[in-house]
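# Structural characterization, general
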Amino acid sequence: MSIYKDCDIRGVYPTEIDEQAAYAVGRALATLRPGARMAVGGDLRLSTPALKAAFLRGLTDSGAAVTDIGAIPTPALYYALKHMDVDGGATVTASHNPPRYNGIKFMFGATPVTRQVMDTVQQTVRAGAFREATGSLDARDILPEYMDSLARRFTAPRPLKVVVDAGNGAMSEVAPAVLRRCGYDVEPLFCEPDGRFPNRDPNPADYTHLGAVCRRVVEVGADMGVAFDGDGDRAVFIDERGRAVMNEKSLVLFIRLLLRDNPTPVVYDQKSSSAIKRATLAMGGTPVPERSGHAFIKKRFLEVGAAIAGEVSGHFFFGELGYDDGLFAALTMAELLAGADAPLSELTDGIVCPPITPDLRMHCPYDRQQAWLDRVERLAEGRDCAVSHLDGVRLEFPDGWLLMRKSVTAEQVTLRAEADTPQRLEELLEMVREAIPEAEL
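Per chain, residue numbering runs from 1 following the sequence as it is written. Local features in a predicted model are, by the rule used here, given only for residues with pLDDT of at least 70; side-chain atom pairs are given and counted only at 80 or more, and totals for whole chains, interfaces and linings are based on all residues. Side-chain metrics in this entry use all non-hydrogen atoms of the structure; hydrogen atoms and water are not considered.

## Regarding the overall build of the protein
To keep it simple, the criterion reads: Starting at the N terminus, helices and strands are each numbered in turn, a helix being any DSSP run of H or I of at least four residues and a strand any DSSP run of E of at least two. Taken over C-alpha atoms, the radius of gyration is set against a globule rule of 2.2 Å times the number of residues to the power 0.38. Each residue's exposure class comes from its accessible area (1.4 Å probe, protein chains only) as a fraction of the maximum for that residue type: buried when under 20%, exposed when over 50%, partly exposed otherwise. Any two residues whose heavy atoms approach within 4.5 Å are treated as being in contact. A 1.4 Å probe and the Shrake-Rupley method give the accessible areas. Residues count as covered only by the protein chains that appear here. Residues counted as positive are Lys and Arg, residues counted as negative are Asp and Glu, and His and the chain ends are not counted. Charge positions come from single atoms, namely NZ of Lys, CZ of Arg, CG of Asp or CD of Glu.
Along the protein, the regular secondary structure elements total 14 helices and 20 strands. Here the C-alpha atoms of the protein give a radius of gyration of 22 Å, agreeing with the 22 Å that 2.2 N^0.38 yields for 441 residues. Counting all 441 residues of the protein, 59% fall into the buried class. Taking contacts inside the protein between residues at least 6 apart in sequence as the whole, the part at least 24 apart equals 68%. By element, 49% of the accessible surface of the protein is carried by carbon and sulfur atoms, the whole surface being about 17,100 Å². Within the protein, one finds 49 positive and 62 negative side-chain charges whose respective centroids are separated by 2 Å.

What follows is the structure, given as structure tokens:
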């Protein structure tokens, strides 16, 4: 399977991505952008130091001027790109994937990577026609600057108690320190840096991974909890009753806060609950659905000048920053909660989301995926149904919708559906079962 995804480079180490591949990618990027000034960081995975060293060699062997910004959460890279005199940057990370994975996220300027750029990088690597030039390498510890910027921006209206579950990832030492500096009482959980991720899967968007933090919130009487993914650009919240908050509900709270005095568009992935569209309209904003994927959401978020954007996966993009940041999201949620006259459970229970499935991932060989999507699309025939192809196939009924899309990372298709009632939701799923009997649904 190719390591060149739509939004980044990623694969299993060392069978799919290794030092040779990282070196070649570095050379390709420096070849495509001659003389580029690059800021490069990396997460805490065990394979990151070796991959990062090879990537740095590749960049400098083709003439890039590189600044190593250390072991960082990914939002610190975005901060560096905004505040350093560089043309682009990269971080060695596999984000929320299990520990056997690693990869490279890169960008030039504020614009995220496109499929066309990724294809060009891959073609350059295959051709091996790299620029021969002598680059440079220096170092700058960006973390103190990044942390200072957040500590200056936020001050706790009142000292809430917050459980921080960093999952042993890149936010392990950063998030507790910043929250404390902002005036919060922090209870750390899994905040010892460990690239093996020994305590939980680094993907908090799967709420089954959050049992420990949910229990700890209740045990210590915290006002809220927050769980970060492996590289710290995603956040999932836990209310004071120890319940994971649906990411769509968190986004609704941000919409109500950030559009209160400044109605703007709101960008969200098309598989999100319709509660987001309703909340946006209620605040005078314009709903802008987009295909799932960090690069697609961020590109549209920047294009339309949105105050906030979000994904079901827990990425929250803030117009104030121009990018997504799990810690900025946590500080915003804490500030929102500290200024509210109700606990987080009441704030979120008041947001009505129609019955909706989680992402239902079904094994499907690559050569069968389009056939499955075609069979779902035929379900629209003879029904009151609109069809869209923003990403995969989405069928929009008067009382619900279903979306099937190909996975960009595995031999899977993903299905999500929403309906006005649980009974109608089950009917939509049964339609898919009948159309694709071999689907494990």
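## Digging into the packing of helix H1 (residues 19-32) against helix H2 (residues 48-61)
Put simply, the rule is: Geometry is summarised by axes, namely lines fitted to C-alpha atoms with helices restricted to the contacting stretch, and by angles between N-to-C directions that run from 0 to 180 degrees. Note on terminology: angles under 35 degrees are roughly parallel, angles over 145 are roughly antiparallel, angles of 65 to 115 are roughly perpendicular, and the others are oblique. If you view the pair so one helix is near and one far, a crossing is left-handed when the near helix is turned anticlockwise from the far one by less than a right angle, and right-handed when it is turned clockwise. Under this grouping Gly is polar, as are all residues other than the nonpolar Ala, Val, Leu, Ile, Met, Phe, Trp, Tyr, Cys and Pro and the charged Asp, Glu, Lys and Arg.
Running from N to C, H1 and H2 point in directions that differ by 30°, and their axes come no closer than 7 Å. Judged by the angle between their axes, H1 and H2 are roughly parallel. Read as a crossing pair, H1 and H2 show a hand that is right-handed. In this structure, H1 uses Glu19, Ala22, Tyr23, Val25, Gly26, Arg27, Leu29 and Ala30 to contact H2, whose residues at the interface are Ala50, Leu51, Ala54, Phe55, Arg57, Gly58, Leu59 and Asp61. Across the contact of H1 with H2, the residue classes break down as ten nonpolar, two polar and four charged.

## Remarks on the nonpolar core
Threshold: For the purposes of this section, nonpolar cores are sets of buried Ala, Val, Leu, Ile, Met, Phe, Trp, Tyr and Cys residues that join through side-chain atoms within 4.5 Å.
By size, the foremost hydrophobic cluster in this structure holds 74 residues, and its most contacted members are Tyr146, Phe237 and Leu327. Sequence-distant contacts of Leu327, that is, excluding residues within four places in its chain, are made with Tyr146, Leu150, Met171, Val174, Ala175, Val178, Phe228 and Gly232. If you look at the next biggest cluster of nonpolar residues, it comprises 30 residues, including Ile17, Val40, Phe106 and Phe108.

## Some words on helix H14 (residues 422-435)
Condition: Given a helix with a known number of residues, its expected span is that number minus one, times 1.5 Å. Starting at the helix axis, one direction is taken to each C-beta atom, and the arc is that of these directions.
With 14 residues, H14 ought to run about 20 Å at 1.5 Å a step, and its terminal C-alpha atoms sit 20 Å apart, in line with that. Among the residues of H14, Arg424, Leu425, Leu428, Leu429, Met431, Val432 and Ala435 are the ones counted as buried. For H14, the angular spread of buried residues about the axis comes to 145°, placing them on one side. For H14, exposure combined with an orientation more than 90 degrees from the buried face picks out Pro422, Gln423 and Glu434. Looking at the packing, one finds that the buried side of H14 touches strand E16 (360-363), helix H13 (369-377), strand E18 (393-397), strand E19 (400-406) and strand E20 (412-419).

## Description of unusual backbone geometry
The omega torsion across Tyr13 and Pro14 is 0°, close enough to zero to call that bond cis. Secondary-structure assignment places Pro14 in the loop between strand E1 (9-12) and H1. Residues other than glycine seldom take positive phi values, yet Asn168 does so here, at roughly 65°. Of note, Asn168 is situated in the loop between strand E7 (161-165) and helix H6 (174-181). A positive phi is found at Phe190, a non-glycine position, where the angle reads about 55°. Along the polypeptide, Phe190 turns up in the loop between strand E8 (185-189) and helix H7 (211-220). Relative accessible area serves as the criterion here: at 15%, Phe190 is assigned to the buried category.

## Digging into the sheet that holds strand E9 (residues 224-228)
Selection rule: At least two DSSP bridges between two strands are required for those strands to pair.
One open sheet holds the four strands; their spatial order is E8-E7-E9-E10, and the pairing between them is mixed. Strands at the two margins of the open sheet, each flanked by one partner only, are E8 and strand E10 (235-238). Recorded for the sheet is a direction-independent mean angle of 25° between the axes of neighbouring strands. Two strands pair when backbone bridges link them, and E7 and E8 are joined in this way by five bridges, in the parallel orientation. Within the sheet, the bridge partner assigned to Lys161 lies in E8 and is Asp185. Helix-sheet contacts for helix H11 (residues 326-338) involve E9 and E10, and the interaxial angle to E9 is about 170°.

## Focus on H7
For H7, the complete set of buried residues consists of Val213, Cys214 and Val217. The buried side chains of H7 occupy one side of the element, clustering within an arc of 105° when seen end-on. Exposed residues on H7 whose side chains face more than 90 degrees from its buried face are Arg215 and Glu219. On the buried face of H7, the contacting elements are E7, E8, E9 and E10. Downstream of H7 by one or two residues, Gly221 has phi in the positive range, about 65°.

## Concerning the sheet that holds E18
Two pairing modes exist for strands in a sheet, parallel and antiparallel, and in both the strands are linked by backbone hydrogen bonds. Strand order in this open sheet of five strands is E16-E20-E19-E18-E17, and the pairing throughout is antiparallel. Across the chains shown, the open sheet's two edge strands, defined by having one partner strand only, are E16 and strand E17 (386-388). Along the sheet, successive strands turn relative to each other by an average axial angle of 15°, direction set aside. The pairing of E17 with E18 spans three bridges and is classified as antiparallel. In the strand pairing of E18, Ser388 is matched with Arg394. The sheet strands contacting H13 are E16, E17, E18, E19 and E20, and the helix crosses E19 at an angle near 165°.

## A few points about the pairing of strand E2 (residues 37-42)
For a regular strand, side chains alternate in direction, first toward one face of the sheet and then toward the other. Quick reminder of the rule: Viewed with both strands pointing away, a crossover whose connecting path from the first strand over the helix to the second turns clockwise is right-handed.
Of all six residues in E2, five are buried, a share of seventy percent or more. The sheet contact formed by E2 and strand E3 (residues 65-71) spans six bridges and is parallel. Each bridged residue has a counterpart across the sheet, and for Ala39 the counterpart in E3 is Thr67. Remark: the E2/H2/E3 crossover connection has right-handed handedness. Two strands pair when backbone bridges link them, and E2 and strand E4 (residues 88-92) are joined in this way by five bridges, in the parallel orientation.

## Side note on the environment of Leu429
Counting through the fold element by element, Leu429 comes out in helix H14. Sequence spacing of Leu429 and Arg416 is 13 residues, and the spatial spacing of their C-alpha atoms is 9.1 Å. Residues in contact with Leu429, not counting those within four places in the same chain, are Thr357, Leu360, Leu415, Ala417 and Leu441.

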